[in-house]
Every structure is written in C-alpha cells, then in structure tokens.
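# Summary of the model geometry
Residues per chain are reported as follows:
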Amino acid sequence: MLLRHSFYYLFARGVPGLVNFAALALYTRLMAPEEFGRYSLVLATVGLVDVMVFQWLRLVLGRFIPAHRDNPKAVQETVLALNLALAAAVLFTGGLVALLWPDPVLRGLLAIGVPLTLVQAWLQLDLTLASAQLQPGRYGCLMGSKSLLAIIVGGWLAWLGFGAYGPLSGLISGAVLAWFLFGLRAWKGIRPRWPAPNQFRDYVAYGLPLVVTFALGWVIASSDRMIIAWLIDETAAGVYAVGYDLPQQTLGLVLTIINTAAHPLSTRRLEHEGVEAACLQMRQNGELITTFAFTGAAALVALAPQLVELIVGSAFREGALAVLPWVAVSAAVAGLKAFHFDIAFHLMRQSRWLVITTSLAALANVALNFLLIPTYGIVGAAWATLAAFAVACVASALLGRKVFPMPPVLPLMLNAATVAACMYGGVNFVLSFGLGPLLEIVLGGIGGGLLSILAAVCLDIGGLREGLLTRLRARK
C-alpha cells in the first residue's frame, strides 16, 4: 500500500512541483535579485505566521481524523471553528500592523502578506483533510490547480513589472480558485462548532508544543534569509533563496510526497492494529524516506552546475551554485528528521519532545549564522543550516526511541548509502562525456536512477523486491 499511495501522490504533488520548479526559473529571469529577495522575505514571514498559528491545527486534523473514523464530522466541525477564530485574529492583527507601519514598501508587502497567509493556511487545511481521508485524487486537483494559476497570474504580473507583488498575487489567486473548484465540497454540511472542554484539552495538549516546535523550525529553515538581508542586503538574500529553494523544490518535494502517503498509513495501523503493526509500517516508511533522502542529495550534488546553468537566471547563478550542494545535504537531513524520526512523537502524541530537539537546532542555527555570515557570506548561512539540521536529527533519533520502538538506524543508513553511491556513480559516468547541461541532467538522471533502482530492488528497500515478486507470481 505504501508504494501504491506514494505513486499516487507522485502525480498529486509531482506535477505541481514541476510547475513550482518552472516558476523558480521564470521568476529569476523576470525579477531583479532585490525584488526576488523581497518576495522570498514575504514568503518567509508568511511561513512564520503559518507555523505559529495554523500548522498545529492541521496536524490535529490529520492525527485525530483516523481516530474518529466512524464520525470524522465531529473533528472537522471543531477544527473549522478553531481555524476561523485564528484567521480572524490574524486578519485583525496583520491589518493593523500593515496600516501603521511607517515604511511604505514594507507596508505594501505586509498588506499582501496577510491575505496570502489566510488563503494558504486554508488550502493547506484542505490538503491535510484529503491526505487523512486517503484521497490522493482530490489532493492532486487542489495542488495542481493552485500551482498552475499561481504561475500564470504571477508570471504575467511579474512580466508587467509588478516586482514581488506579481508572484505573491499569483499565489493568492491560485489558492482561492483551487479551494472553490476542489475543496468546497469536502466541507459541505460542516458547521463550525466549538470543541467540548475535554476535546479542546486533547487538541491543545497535542498541538500547543507543536506551535513552539514549528516556530523554532522556521528559525532553522528561514531566519537565515532575514539575517542575510540584515547583515548584507536584500540582493544577497534573494540569491541565497534561489540556491536554497532549488533543492527544496526537488528533494524536499519528493520526501514530502512519500511522507504524505506514509504518515497516514502508520497512524491508521497504530489506531486499528496496535504498536507492533505500526512499528512494521514505520520500518518500511523509514527505508523509503532514508533511501530517497540520500539518493536525491547525491544526485543534486553531482548535477548542481548543470541545474543552475539550465534553470537559474544569470544574475543568481554564481551564488546559487555556491550554496546548492550544502543545502541539498541539509534537505536530506531535514527530511530524515521530519518525516521519519519525528513521526515517533506524532504517533504517540508526545509532541513536547519536539520542542527539545528543535530548540537545540534553532539556537545552533542562529548562533552559527551570526558567526559565519560576516566572514563567509551566504555560504556560511548554508553551513549553519546543515549543522542545525544535523543536531536536530541526531536529537530526534535518540529521543524518539524512548517513546516508540523505532526500527534500527544503522541498517537504514547503510542501505540508503549504497543506493546513493550507485546514483552518484551513474551520474558522474554520464558527466564524463561532456554532453551539455540538458543531456547531462536527463541522461545522468536516467543512468544513475537505473543503477539506484537496481540496488534498491536487490536490497528490498520499502518492500520493493517482494512487491515485484508478488506481482510476478500473481501473473503466472
């Protein structure tokens, strides 16, 4: 089931991911680095508000829907009421700040950031509901329509010279239309209802530690852009954002796809079959997450010059190439932490442990950013990010074993490293022929991919070999 659901979500999130990938290439050609820096800073700020205010509620929805399979409406109604209350608070506070802010440039960016925060949060809630209900088709329609309209409207406005406002307006338009087309019917007949005291306590006990955790996670993932803008300038922040976003929109997307399929499966098995069944599912999930994390990072490191030359605008290339390999490894480590080791705390509703692991990483990240950026520039920020995620990953792996019987780490790492070595070797063999960026990316990906798939089958990663043999026996 894991491989089948991952395949469904590959299309559900993969096609929108390709659109976002195209948007990065488009915007780095239509926008100056300073404007792209402002755009990335608004997204970082929107992300901070989202993780502090709304994301815990999405995880409550995803965690409690499987536990109330006979009456999911009870969870939806209470989550809807809480979401509307939080949205009203954000609208009032953000609107007031935007009206009173003295700088006209930042005032305008704040004014567009508030509605963007609200529509993005609501769309993400719909996506979480579709994932929890195991509906990859609706999930894909939501993601696909949002991404397509966002790049059409955003690219058109950026071409007309609206700067950072162009892609930001595109994101708002895409989220609103996607909800009207494919999200509205999921809430038909659902009326907001404030949760009962015991239900509210369960939500808060599970979700409140996640607010702190996500805020600290934002510090690790996004505060570096603001520190760069402060210590250097907005242009440097824009260049760094391109080098950071490229691995996140490739490797980060792949790992998110797998987790979107894997996490609900482990949650359902825990709720309906017990800890032992959930442990077996987590072993299979972990094999897939770890292998894709290592292998994807190996491919990005090997193909970094070709990707930057082909995709990124000329004004961004030198800086993006300097940070991309480091961020690629960071994305792998971050994905391994968030989508494998952290799942132990979500399964057992022990989210307070996440505060400890993320606090260590956030403190390390901020300290290293201020230490390294003045001397090493944006590369120093990439080093700080990698070190912070490594600290968080190790802490999560050690503490997670105290709350849930996680599978052994060493076999996962050895198998993943073997598959990643095959990918890296296959890509470098193709690169030795000097075929040009496009052919090297295509043929290198094919060659390295075939070698890594062969290794994954031999090692039975995620039950791949057993699944293939079962299908062959069934056909015979």
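Small disclaimer: the values here were computed from a predicted structure and weren't measured. (Residues numbered from 1 in each chain as written. Predicted model: local features only at pLDDT ≥ 70, side-chain atom pairs only at ≥ 80, totals over all residues. Heavy atoms only, no water.)

### Overview of the packing of aromatic side chains
For the coordinates displayed, the defined rule picks out 11 aromatic pairs. Taking the centre distance of 6.0 Å and the plane angle of 75° together, the rings of Tyr27 and Tyr39 count as edge-to-face. Here Tyr27, found in helix 1 (residues 2-30), pairs with Tyr39, found in helix 2 (residues 33-53); they are 12 residues apart in sequence, far enough to count as distant. The exposure class assigned to Tyr27 is buried, which follows from its relative accessible area of 5%. Judged by its relative accessible area of 10%, Tyr39 is buried. Aromatic pair Phe36 and Phe316: ring centres 5.6 Å apart, planes at 70°, arrangement edge-to-face. (Phe/Tyr/Trp six-rings, centres within 6.5 Å; stacked < 30°, edge-to-face > 60°. Helix = DSSP H or I, 4+ residues; strand = E, 2+ residues; numbered from the N terminus. Buried < 20%, exposed > 50% of the residue type's maximum accessible area, 1.4 Å probe, protein only.)

### Quick look at the side chain of Ser266
By the secondary structure assignment, Ser266 is in helix 9 (residues 234-273). Classification of Ser266 by relative accessible area gives buried; the value is 0%. Excluding anything up to four places from it in sequence, Ser266 contacts Ala278, Gln281, Met282, Asn285, Ile343 and Leu347. (Contact = heavy atoms within 4.5 Å.)

### Concerning the confidence of the model for the protein chain
Per-residue pLDDT for the protein chain averages 84, and the proportion of residues at 70 or more is 93%. Within the protein chain, the element-level pLDDT minimum falls on helix 1, averaging 68, and the maximum on helix 15 (residues 409-431), averaging 92. (pLDDT = per-residue confidence, 0-100.)

### Quick word on the environment of Trp179
Examined against the element boundaries, Trp179 turns out to sit in helix 7 (residues 165-183). Residue Trp179 is classed as buried on the basis of its relative accessible area, which comes to 18%. Separated by 193 residues in the primary sequence, Trp179 and Leu372 have C-alpha atoms spaced 43 Å apart. In this structure Trp179 touches Trp122, Asp126, Leu142, Leu184 and Trp187, once residues within four positions along its chain are discounted.

### What to know about the packing of helix 8 (residues 197-231) against helix 9
Contact geometry of helix 8 with helix 9 gives a least axis separation of 7 Å together with a crossing angle of 155°. Taken together, helix 8 and helix 9 sit at an angle that is classed as roughly antiparallel. Along this stretch, helix 8 crosses helix 9, giving a crossing that reads as right-handed. Of the residues in helix 9, those in contact with Ala221, Asp224, Arg225, Ile228 and Ala229 of helix 8 are Glu234, Ala236, Ala237, Tyr240, Ala241, Tyr244 and Asp245. Grouping the amino acids of the contact of helix 8 with helix 9 by side-chain chemistry returns 8 nonpolar, no polar and 4 charged. (Axes fitted to C-alpha atoms, helices over the stretch in contact; angles between N-to-C directions. Parallel < 35°, antiparallel > 145°, perpendicular 65-115°, else oblique. Left-handed = near helix turned anticlockwise from the far one by under 90°. Nonpolar A, V, L, I, M, F, W, Y, C, P; charged D, E, K, R; others polar.)

### Notes on the nonpolar core
The biggest cluster of nonpolar side chains holds 122 residues, and the ones touching the most others in it are Phe36, Trp187 and Leu246. Element by element, the count of residues in this core is highest for helix 10 (residues 275-311), at 14 residues. Those residues in contact with Leu246 that sit more than four places away from it in its chain are Phe21, Leu24, Leu307, Val308, Ile311, Val312 and Leu324. By size, the runner-up hydrophobic cluster in this structure holds 8 residues, among which are Leu127, Tyr139, Leu142 and Met143. (Core = buried A, V, L, I, M, F, W, Y, C linked by side-chain atoms within 4.5 Å.)

### Some words on helix 13 (residues 352-376)
Between its first and last C-alpha, helix 13 extends 35 Å over 25 residues, near the 36 Å set by a 1.5 Å rise per residue. When the local axis directions of helix 13 are compared, the greatest deviation, roughly 30°, occurs at Asn369. Those residues of helix 13 that are buried lie in contact with helix 8, helix 11 (317-341), helix 12 (343-347) and helix 14 (378-403). Backbone geometry just after helix 13 places Gly377 at a positive phi near 65°. (Expected span 1.5 Å × (residues − 1). Bend = angle between axes of the 7 residues up to and from the residue.)

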